[in-house]
Amino acid sequence: MGKYYAGIDLGGTKILTGIGDTQGNILARSRVRTEVEKGEEGIIQNIIKSLNRSVEKAAIDFADLSCIGVGSPGPLSISRGVISETSNLPFKEFPLVELLEAEVNKPVLLENDANSAALAEKMFGAGQGVEEMIYITISTGIGGGIISKGEIFHGCCDGAGEIGHMIVNPGGPTCGFNQHRGCLEAMASGTAILREARNLLQQEDFSGFTGFTGEPKDLTGYQVAKLARQGDEKAQEIYEEVGYYLGIGVANLINLFNPELIVFGGGVMKAKELFWDVMRHSIADHAIPAVKNDCQLEESKLGEDVGLVGALAVAINRGK
Ligand SMILES: [Zn+2]
C-alpha cells in the first residue's frame, strides 16, 4: 500500500493534479490544459501527463501512490465510474475510471467536484470534527455537497446535493441549464449578479451606476462589487437580493438536514460583506428557529485549493 495519494481536479479548461499525504497536505502540483477538442483519449493522456509531472515534482515513486481521486463536474455515476453528461466536457457517458485505471494500474475514484469539496472541508478544512455539514460554493454557478454521518450523501444514483438548482423563486429567471426557473443559481450566483446589473444598464429609465460609463457588456462581477462598495445603491440592492435568496436556500437546507455547520466558498464570497447580513436575516425569517440555532455558518478554510484537496480527500477517505 502506497503512502501517498493523487488528486485530479478535472475542469473544462484545465486539469489540476496534486500529490498529497494522509493529512491532505499538497506536496506537489501540476496544471495542464484539458484540451476537450482532443476527445476522451486526449483528456486521459493529458491527465497522465499532469499526474507524472506531479509525481516527479514530489520526488516520489509512482508505486508509492495508494489510489487516485478525481473531482469532476457532474452528473456522473460513481459506481460505474462514468461522467454522464456535463456542459464543461462535451461527452456523453465518458468512462473515465475504466480508461484511467487501464493506464495507471491504480484504483481510481470518481466524485462530483462539489461533493469532493464538501468532503475536503469536512476532513481538512472548516468542518473538521463535524459529522453533519453542508458545503455551498457560490461562483459563476452555485454548487454544494451534503455530508451526513461523516460521509458524502449521494442519494440513490449519485445525484443528490444539487443545492444550486433548488427553486427559491418560482417563475424567476433561468439558470444555465435553461430547464427550470428561479433556482438558487439563477438568483444568487456570480452570473446572476452580472445579469441583473447588465439588465439595469439596458433599462431606459436607469440613470447608470455611479462611476461606471462603459457598455453593459464591459461590466464584470468584480466591478459590480466595487460599485456597491463605493456606495452605489442599485449595485448594493443587487447584492442584497442575492443575500435574500441565499437565505431562503440556506433556510431550506437547515430545515431539511439540521446541519451543525454550513461552509461557504467560491469567488462571490470575496464580496461577502455586501450580502452576509441580509442573508442571515433571511435565514432567520425562513428557517425553523430551534433548528437554525443548531447551525453555525463559516467560510471555507481551503479557499482556491478546495477542488484539488477535494480530489485528494476522496482518495484519502477510501484509503482510511
Ligand atoms: Zn437551475
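Our structure is the block above this text.
Let me sum up the structure you'll find in this document. (Residues numbered from 1 in each chain as written. Predicted model: local features only at pLDDT ≥ 70, side-chain atom pairs only at ≥ 80, totals over all residues. Heavy atoms only, no water.)

### A few points about the coordination of the zinc ion
The criterion, for reference: The rule for donors is simple: N, O or S, within 2.8 Å of the metal, or within 3.2 Å if the metal is Na, K or Ca. Water isn't counted, so a site may look like it is missing partners. Angle rules define the geometry names used: all angles between 85 and 135 degrees makes four donors tetrahedral, while opposite donors over 155 degrees apart and all other angles between 65 and 115 make four donors square planar and six octahedral, leaving every other case irregular. Note on classification: 1.4 Å probe, protein chains only; a residue is buried when its accessible area is under 20% of the maximum for its type, exposed when over 50%, partly exposed between these limits.
The coordination sphere of the zinc ion, as far as protein atoms go, consists of His165 (ND1), Cys175 (SG), His180 (NE2) and Cys183 (SG), spread over 2.1 to 2.4 Å. Considering all four donor atoms around the zinc ion, angles at the metal cover 104 to 117 degrees and the coordination shape is tetrahedral. The sequence pattern formed by the donor residues of the zinc ion is H-x9-C-x4-H-x2-C. Classification of histidine 180 by relative accessible area gives partly exposed; the value is 21%.

### Some points on the sheet that holds strand β8 (residues 108-112)
To be explicit about the condition: When DSSP finds at least two bridges between two strands, those strands are taken to pair. To qualify as a helix, a DSSP run of H or I must reach at least 4 residues; to qualify as a strand, a run of E must reach at least 2; elements of each kind are numbered from the N terminus. Fitting a line to C-alpha atoms yields each axis, with helices limited to the stretch in contact; the angle taken between N-to-C directions then spans 0 to 180 degrees. Residue contacts are defined here by distance: any two heavy atoms, one from each residue, within 4.5 Å place the two residues in contact.
With respect to topology, five strands assemble into an open sheet ordered β3-β2-β1-β4-β8, the strand pairing being mixed. If you trace the sheet from one side to the other, it starts and ends with β3 (26-33) and β8, each paired once. Direction aside, the axes of adjacent strands within the sheet are offset by 20 degrees on average. Note that strand β2 (residues 14-20) and β3 share seven bridges and pair antiparallel. Note that in β3 the partner of isoleucine 19 across the bridge is alanine 28. Running over the sheet, helix α2 (residues 96-104) touches β1 (4-10), β4 (65-72) and β8 and is turned about 150 degrees from β8. On the sheet, helix α10 (residues 306-319) packs against β1, β2, β3, β4 and β8 and is oriented at approximately 135 degrees with respect to β1.

### Quick notes on the environment of isoleucine 26
Along the chain, the position of isoleucine 26 falls in strand β3. The exposure class assigned to isoleucine 26 is partly exposed, which follows from its relative accessible area of 22%. Considered as a pair, isoleucine 26 and tyrosine 5 are 21 residues apart in the sequence and their alpha carbons are 9.5 Å apart. For isoleucine 26, the residues in contact, after removing those within four places along its chain, are Ile19, Asp305, Leu308, Val309 and Leu312.

Read these as geometric descriptors, not functional statements.
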